[in-house]
Amino acid sequence: MIYLDNAATTKPCTECVKAVNAAMENAFGNASSLHGLGTSSIQIIARARKTLLTAVTGTKKPFDGEVLFTSGATESNNTALLGSAHRFRPHGKRIVSTAIEHPSVAKTLTRLEEDGVEIVRLAPKDHEDFVAALVNEVDENTALLSAMAVNNETGFAIDVPRLYREVKKKNPRTIVHIDAVQGFLKVPLDGDLISVSGHKIHSTKGIGALFIKKGAKVLPLLSGGGQQSGLRSGTEPVELIAGFEAAVSAYRFDKERFAELKALLLQMLAEMEDIGINSTEDCVPNIVNFSVRGVRSEIMLHSLEEDGIYVSSGSACSKGKSSDVLPAFGVSEKDVDCAVRVSFSAENCAEDIEKLCDKIAKTIERIRR
Amino acid sequence: MKELIMVKYGEIALKGINKKTFEDMLQSNIKRRLKKIGQFGYERMQSTIYIEPLNEEADVEAATDALKKVFGIGAIQKCAVYPKDIEVVKADLGEYLKEALEGAKTFKIEAKRADKTFPLTSPEIQQTLGDAVLDAFPEIGVDVHNPDVTVRLEIRDNGAYLSAKRITGAGGMPVGSSGKALLMLSGGIDSPVAGYMMAKRGLVVDCIHYVSPPYTSDRALTKVQKLCEEMTDFCGDIMFYCVPFTEIQEAIRDNCPEEYFTVIMRRLMIKIADRFCKKDGYGAMITGESLAQVASQTLSAIDCTNAAAELPVFRPLIGMDKIEITEIARKIGTFETSILPYEDCCTVFSPKHPRTKPKLEDVLKAESAFDFDALIEKAVAETTVKRYKYGEETVFLE
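Residues numbered from 1 in each chain as written. Chains lettered and ligands numbered in written order. Predicted model: local features only at pLDDT ≥ 70, side-chain atom pairs only at ≥ 80, totals over all residues.

**A short note on the overall build of chain A**
Inference 1: Looking only at helices and strands, chain A features 11 helices and 12 strands.
Inference 2: Taken over the C-alpha trace, chain A has a radius of gyration of 21 Å; the compact-globule value for 369 residues is 21 Å, and the two agree within 12%.
Inference 3: Judged by the C-alpha coordinates and their principal axes, chain A covers about 65 × 55 × 35 Å.
Inference 4: Of all 369 residues assigned to chain A, the portion counted as buried reaches 49%. (Helix = DSSP H or I, 4+ residues; strand = E, 2+ residues; numbered from the N terminus. Rg over C-alpha atoms; globule rule 2.2 N^0.38 Å. Buried ≥ 20, exposed ≤ 12 C-beta atoms within 10 Å, placed from the backbone.)

This is the structure we're talking about:
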């Protein structure tokens, strides 16, 4: 098997599997219980918080705030946006965002829009300097800015610390939310609210986090037992948190290695006819999106699958629907229909890319008539 | 009081010398279904099968539900069995008939006395029971000509059988009594309905499906397997033939004129199905075609595909429109699965402008551009066969 769909999900690493098992065997207590078993669970959770706060920024300085464990990035994004709804009243408030957001942000913004909040959505294709364009839209009334650190379909990355700095300079009251699902542990991050997910970095599904900077108040979505300072009721899944921490500690983003794989892939694609590259230079090296003209994405995907090569047609989250996001990068409708996303993990090597390209060439030969 | 189920025959009641064969088949079909529920005893007389629960698990309600899907059954009636004492029946009848008489305005009593030693005559039984029903349900009246509900009491050797509620059965002929046929199952709304209709006429229905990876996906196949499994409710066990069809479709694309793609593809599907029919003893093929529904189902197109078959091709939906077909699909529980949006091989390479009135000689000429025999041979050899069993869920969809 050659797994090249790591932006969809990743295989849990050995460290994660071990930590999950150990927690289930030894620390199954409820963190809210007063006895010793409960205390062991608290220990695990508290340690995990510290690890995450240290890791998230991508610098030596840890994140100045708290971290909330959630069921995943969808919940983190919903909490960040809907939990900030108190900031959008009275009417006339606006949110600045992008046209390339994941549905868990995009659809939540649409809900807020229906409630009367003004939403501004910028597309990267319209702006030379995307960060500057976003900052430029921030005004007196802008209660929140929500932007994706790294786009899940193309790998397009923005300079998040710069965005945060400049927005705060322009309007210190504007809350900055960063959907960092694809950026976590890969690019430097900063923000008032940062959403991350476990299963994109070799942890399990069902666990994610929302980082909340000191002073950035968020209201809870769930009412209940008041766990996690009342911000996220529900018994903490200690085993998933333990696995998450282990995966974060074990994760290494080998930028140079991914850049080499990407360069090799682009070079081999360049030798084929009629390929459009949808991931530009301002993209992370672990995600490459391209269009094999004349071969519909789904057919390419199934053809590669015949040889045990797994890639994605656009975003796995939209289940085969054609991408709403690629047009915002200026990809033509025809190219959207035949877009393929390849995303690497540390387990991939040059031979994988060679096999991939070999099969792409064969598929083109067979299908493109 | 114990309760049992009376199963009244459908049209097999009208059969002559062969009747016993049909009865045996129906009873064995019923036994196979009810085995999944519990242990039941069977007794047959006068175009009726009496089914008696023999253990705790043998739930009468569950059995009734299962029986509703057995072809060959005209009506299903639950009945209470009492000792042969009219006073005992009268005492319990108010309670037992409550459900059957709910909402009814009129009733009549029908009594049958098979055991002639019973002290009351049939008219006397009718009189006594009628009074008892009127006492228990004062708001209801008697109508001996056109009653809403007929309450029946049969005095038999081993007890008094009281029944009222009659449930219409699935009708038709027992599955297997007409032989077996191979259904071309595509994944759309129509073909499962076609299979259901022919199972109702007593055919064992097995299914053949064509896959074209990478043009079609695993999910499309799973969906069809699910449909197959859903059809076992009415059809009983189903053999599922899965034919690899990619090479044939590519050969059509590469060698034949585009406007004939679909009709040639359908002819080759028929040829392959025909091969399996002869090999495995099927007497006919079944398709979900409905006249004029799409370009490949015009009179001329059907003429062209039909010419590829040597055995009969049954098209039970030929005179139905989509609304009628959809209604049945909903009733038999295949509709929701049918509408899942996965592409099947029929739409792969489908031409922009197909011929709606293809002439057979033109099609044969277009088809002769390539010798498909070797590919047909290969597809037949590589076909996989799997059995889907009644009452077992092995395929799961999102």
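**A look at the domain arrangement of chain B**
Residues and elements named next belong to chain B.
Inference 1: Examined at the domain level, chain B breaks down into domain 1 (2–168) and domain 2 (179–388).
Inference 2: Centre-to-centre, using C-alpha coordinates, domain 1 lies 43 Å away from domain 2.
Inference 3: Domain 1 puts four residues into the contact, and the matching count from domain 2 is six residues.
Inference 4: Tallied by class, the residues present in the side of domain 1 that touches domain 2 amount to one nonpolar, one polar and two charged. (Domains from an automatic or database assignment. Contact = placed C-beta atoms within 7 Å. Nonpolar A, V, L, I, M, F, W, Y, C, P; charged D, E, K, R; others polar.)

**Here's the deal with helix α9 (residues 261–280) of chain B**
Think of an α-helix as turning once every 3.6 residues; residues three or four places apart then point the same way.
Inference 1: If you check α9 of chain B, its first and last C-alpha atoms are 29 Å apart, about what 20 residues at 1.5 Å a residue would give, namely 28 Å.
Inference 2: Buried residues dominate α9 of chain B, accounting for 14 of its 20 residues. (Expected span 1.5 Å × (residues − 1).)

**A look at the pairing of strand β6 (residues 175–179) of chain A**
Residue and element names in this part refer to chain A.
Inference 1: The element β6 is extensively covered by neighbouring structure, given that five of its five residues are classed as buried.
Inference 2: Judged by which residues are buried, β6 turns out to be covered on both faces: Ile175, His177 and Asp179 on one side and Val176 and Ile178 on the other are all buried.
Inference 3: In this structure, strand β5 (residues 142–148) lies alongside β6, joined through five bridges in parallel fashion. Bridging across to β6, Leu144 finds its partner in Ile175.
Inference 4: Crossover connection from β5 via helix α6 (residues 160–170) to parallel β6: handedness right-handed. (Pairing = 2+ DSSP bridges. Right-handed = clockwise from strand over helix to strand, strands pointing away.)

**Examining the packing of helix α8 (residues 246–255) of chain B against α9 of chain B**
Residues and elements named next belong to chain B.
Inference 1: Orientation of α8 relative to α9, taken along the N-to-C sense of each, is 145°, at an axis distance of 10 Å. For the crossing formed where α8 meets α9, the hand is right-handed. Contact residues: α8 offers Ile248, Gln249, Ile252 and Arg253, while α9 offers Phe261, Ile264, Met265 and Leu268.
Inference 2: Among the residues making up the contact of α8 with α9, the classes are represented as six nonpolar, one polar and one charged. (Axes fitted to C-alpha atoms, helices over the stretch in contact; angles between N-to-C directions. Left-handed = near helix turned anticlockwise from the far one by under 90°.)

**Here's the deal with helix α7 (residues 218–235) of chain B**
All names here are of chain B.
Inference 1: Given a rise of 1.5 Å per residue, 18 residues ought to cover 26 Å, and the 25 Å separating the end C-alpha atoms of α7 matches this to within 8%.
Inference 2: Burial runs high along α7: 13 of the 18 residues are buried.
Inference 3: Just downstream of α7 lies Gly236, where phi reads positive at about 80°.

**Here we look at the packing of helix α2 (residues 36–56) of chain A against helix α7 (residues 238–250) of chain A**
Residue and element names in this part refer to chain A.
Inference 1: The contact between α2 and α7 brings their axes to 9 Å, and the two run at 35°. As for the relative orientation of α2 and α7, their crossing is left-handed in sense. Contacts between α2 and α7 involve Ser41, Ile44, Ile45, Arg47, Ala48, Thr51, Leu52 and Ala55 on the former and, on the latter, Val238, Ile241, Ala242, Phe244, Glu245, Val248 and Ser249.
Inference 2: Of the residues assigned to the contact of α2 with α7, the class counts are 10 nonpolar, three polar and two charged.

**Section: the sheet that holds strand β12 (residues 339–343) of chain A**
Residues and elements named next belong to chain A.
Inference 1: Strand order in the open sheet formed by three strands is β9-β10-β12, and the pairing between neighbours is antiparallel. Every interior strand has two partners, whereas the edge strands, β9 (275–277) and β12, have only one. Each strand of the sheet is rotated relative to its neighbour by a mean of 30°, with strand direction disregarded.
Inference 2: The sheet contact formed by β9 and strand β10 (residues 287–292) spans three bridges and is antiparallel. Counted as the bridge partner of Ile275 is Val292 from β10.

**Examining the sheet that holds strand β2 (residues 65–70) of chain A**
All names here are of chain A.
Inference 1: With mixed pairing, seven strands are arranged side by side in an open sheet as β2-β8-β7-β6-β5-β3-β4. Pairing within the sheet leaves two strands with one partner each, and these edge strands are β2 and β4 (118–122). Averaged over all neighbouring strand pairs, the angle between strand axes comes to 15°, with direction disregarded.
Inference 2: Strands β2, β7 (193–197) and β8 (208–213) of the sheet are contacted by α2, whose axis makes an angle of about 115° with β2.

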